[in-house]
Amino acid sequence: FPKEASTPIINDEMTRKNLEIAAKELQSTNNVVGFPTETVYGLGGSALKDESVKSIYAAKNRPADNPLIIHVSSLDQLKRKLLGPNQSVPEIYEKLISKYWPGPLTLLLPVENEAISKYVTAGQSTFAVRMPSHPVARALIAISDIPLAAPSANASTRPSPTLASHVYHDLQGKIPYILDGGSCDVGVESTVVDGLVSPPMLLRPGGVSLEEIQTCDPQNWGRVKVGKKTAGDSEQVKTPGMKYKHYSPSANVVLFNGCGNGLDAIKHYLQEHHPSGPIALLRLKHFADPSQDPGLAQITVTKNLGTKGADISRNLFAMLREVDELGVSLILVEGIEETQEGLAVMNRLSKAAFVTISN
Ligand code: TXA
Ligand code: MG
């Protein structure tokens, strides 16, 4: 499936049939469908039809001032469907596109084509676009030949879905189809960058790390600025997604940042707040196993998110959902250094957290 391909090769009959059903739904109705990408599952509708885009916001219960990412299957489709007649992709993106498309990298481009629904951009003068690498995502976009506006396919405020069953859990009854492509490989959303400002900005850390972007094109991206993490409710921000409650399970999340082996910090927290009910712990590298400690008997489930950045990213949302389903009242999570994959992981965790304990 090379960068320019517009017709995917599918060998399996059932996959082809299901892709055709979903493509037909997108072409002939204003409905939206759930589909897998390499980052998280998306909820896709035509980026060129106002009514389809409105269906996305409605199904997710998403605030209408938070713009969506448009997904394309090829550079040719980007040019044909989304760019203006005299528009080309700015040079500052060239190296990033050669290296990371298809993949988890989203770029901002100026809107110069009226075909793009105003509801996708929430009225901004730029649109966000990426070419996903998941074969089902790209085949769906190529077969329908529709650039898909697609946010993560969770109900607004919930952790993003990395399995088809997560989408079903949040959106059953609200969308006609979910394409099941198994579990998502990256596990956190795409990195969003803005090369239209100087210095260029990283608006959302994600599947491609800050260090990878800087190394890929040091001349243009060596001085990339990292956008601020949070914003007040009334604040006008570049990435409006930043100001909402996000990625949250039903149980409260307590994030521990740099707290040694964790046991003392957890005990201290429990003594001060005496929460009721069972508690879950998600560990990384430094926290000890609390199961042998009689002072921590309230922790009834401990899971290892992993020790390598890529594993932690892949497991993060699924494990938050998994322990939440067990009905715990509190989820304690060990933090990670904010380098490489850690930047995206901590960005999601600090938004999911009800409180952060720093040593
Ligand atoms: O990996 C992903 O990016 C997933 C999968 C489905 O592709 N999609 C996703 O979409 O995470 P969503 O809607 O959950 O996040 C879109 C992010 C938000 O932070 C939004 O504010 C930002 O992209 N965004 C979209 N358009 C923008 C624009 N024109 N200017 C600034 N930020 C924009
Ligand atoms: Mg989302």
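An unreviewed UniProt entry annotates the protein as Threonylcarbamoyl-AMP synthase of Hyphopichia burtonii NRRL Y-1933. According to UniProt, the comment filed for the protein under the heading Subcellular location (unreviewed entry) is "Cytoplasm". The UniProt entry for the protein carries this comment under Sequence similarities (unreviewed entry): "Belongs to the SUA5 family."

Colleague: What's the story with the environment of I21 in this structure? I'm lost.
Modeller: With respect to the helices and strands, I21 occurs in helix α1 (residues 13–28). Judged by C-beta crowding, with 13 C-beta atoms within 10 Å, I21 ranks as partly exposed.

Colleague: Please clarify how the pairing of strand β14 (residues 330–334) should be interpreted in this entry.
Modeller: Here is the key point about a regular strand: its side chains alternate between the two faces of the sheet. When you tally the buried positions in β14, you get five out of five residues, the bulk of the element. Covered by surrounding structure in β14 are L330, L332 and E334 together with I331 and V333, the residues of both alternating faces. Of the strand pairs in this sheet, strand β11 (residues 252–257) and β14 are connected by five bridges, and their pairing is parallel. Within β14, the position partnered with L255 by the bridge is V333. In this sheet, β14 lies alongside strand β12 (residues 279–283) in parallel orientation, the contact comprising four bridges. Paired with I279 across the two strands is L330, which belongs to β14.

Colleague: So what exactly am I meant to see when it comes to the sheet that holds strand β15 (residues 355–358) here?
Modeller: Sheet strands pair via backbone hydrogen bonds, and the direction of the pair is either parallel or antiparallel. The parallel open sheet is built from five strands, whose spatial order is β13-β12-β14-β11-β15. Of all the strands in the sheet, the pair left with one neighbour each is β13 (299–304) and β15. Here the average twist between neighbouring strands, direction ignored, is 20°.

Colleague: How should I be thinking about the nonpolar core in this particular structure?
Modeller: Side chains that are nonpolar tend, in soluble globular proteins, to be buried together. The biggest cluster of nonpolar side chains holds 105 residues, and the ones touching the most others in it are I70, V120, V129, L140, A149, I331 and L332. A domain split of this core shows at least three residues from each of domain 1 (13–231) and domain 2 (252–358). Ignoring sequence-local partners within four residues, the contact set of V129 consists of I69, I70, V72, L78, L82, T106, L107 and L109.

Colleague: What exactly am I supposed to notice about the confidence of the model for the protein here?
Modeller: Per-residue pLDDT for the protein averages 93, and the proportion of residues at 70 or more is 94%. Interface predicted TM-score (ipTM) for the complex: 0.99; the corresponding pTM is 0.95.

Colleague: Explanation requested: the domain arrangement of the protein in the structure shown.
Modeller: In many reports, interface size means the accessible area that the parts give up when they come together. Domain assignment breaks the protein into domain 1 (13–231) and domain 2 (252–358). Between the C-alpha centres of domain 1 and domain 2 the distance comes to 30 Å. Contact residues are listed per partner, giving 15 residues for domain 1 and 17 residues for domain 2. Partitioned by chemical class, the residues of the side of domain 1 that touches domain 2 number six nonpolar, six polar and three charged.

Colleague: Mind showing me how you'd approach the packing of α1 against helix α6 (residues 135–144) here?
Modeller: Two numbers describe a pair of packed helices, the interaxial angle and the distance between the axes. Following both chains from N to C, one finds α1 and α6 inclined at 55°, their axes separated by 9 Å at the closest point. Classed by the angle they form, the pair α1 and α6 counts as oblique. By crossing handedness, the relation of α1 to α6 is classed as right-handed. Only A139, L140, I143 and S144 of α6 make contact with α1, whose side of the interface consists of L19, E20, A22, A23, L26 and Q27. A per-class count over the contact of α1 with α6 returns seven nonpolar, two polar and one charged.

Colleague: Help me understand helix α7 (residues 164–171), please; the structure alone is not making it clear to me.
Modeller: Residues separated by three or four positions in an α-helix point in the same direction, a consequence of the helix having 3.6 residues per turn. Turning to α7, its buried residues number three or more, namely A164, H166, V167, D170 and L171. For α7, the angular spread of the buried residues around the axis is 155°, confining them to a single face. At the C-terminal side of α7, G173 shows a positive phi close to 85°.

Colleague: Explanation requested: α1 in the structure shown.
Modeller: Taking 1.5 Å as the rise per residue, α1 with 16 residues should run 22 Å; its terminal C-alpha atoms sit 22 Å apart, in good agreement. Among all positions in α1, only L19, A22 and L26 are buried. Around the axis of α1, the buried residues are gathered within 65° of arc, so they sit on the same side. Across α1 from its buried face, at more than 90 degrees, point the exposed residues E13, M14, K17, K24, Q27 and S28. In this structure, the buried residues of α1 make contact with β1 (33–35), β2 (42–46), α6 and β7 (177–178).

Conventions used here
Within any chain, residue numbers begin from 1 and follow the written order of that chain's sequence. All chains are assigned letters beginning at A, and all ligands numbers beginning at 1, according to the order in which they are written. Local features in this predicted model are restricted to residues of pLDDT 70 or higher, and side-chain atom pairs are both shown and tallied only at a pLDDT of 80 or more, whereas totals for entire chains, interfaces and linings draw on every residue. UniProt positions are given in the numbering used here, feature names are shortened, and annotations may be inferred rather than shown by experiment. Going along the chain from the N terminus, every DSSP run of H or I of four or more residues is numbered as a helix, and every run of E of two or more is numbered as a strand. Each residue is classified by how many other C-beta atoms fall within 10 Å of its C-beta atom, where C-beta atoms are placed from the backbone; a count of 20 or more means buried, 12 or fewer means exposed, and values in between mean partly exposed. For two strands to be treated as a pair, DSSP must find at least two bridges joining them. To define axes, lines are fitted to C-alpha atoms, for helices over the stretch in contact only, and angles between the resulting N-to-C directions are given on a 0 to 180 degree scale. For our purposes the nonpolar core covers buried Ala, Val, Leu, Ile, Met, Phe, Trp, Tyr and Cys residues that link as a set through C-beta atoms within 7 Å. Here the bounds of each domain stem from an automatic or database domain assignment. Throughout, a pair of residues is in contact if the C-beta atoms placed from their backbones lie within 7 Å. pLDDT is a per-residue confidence score from the predictor, ranging from 0 to 100. Note on residue classes: Ala, Val, Leu, Ile, Met, Phe, Trp, Tyr, Cys and Pro are nonpolar, Asp, Glu, Lys and Arg are charged, and everything else, Gly too, is polar. Comment on the angle field: the value is read as roughly parallel under 35 degrees, roughly antiparallel over 145, roughly perpendicular from 65 to 115, and oblique elsewhere. Left-handed is the label given to a crossing in which the near helix is rotated counterclockwise from the far helix by less than a right angle, and right-handed is the label when the rotation is clockwise. The arc in question is formed by the directions pointing from the helix axis toward the C-beta atoms. Helix span, as expected, comes to 1.5 Å for every residue beyond the first.

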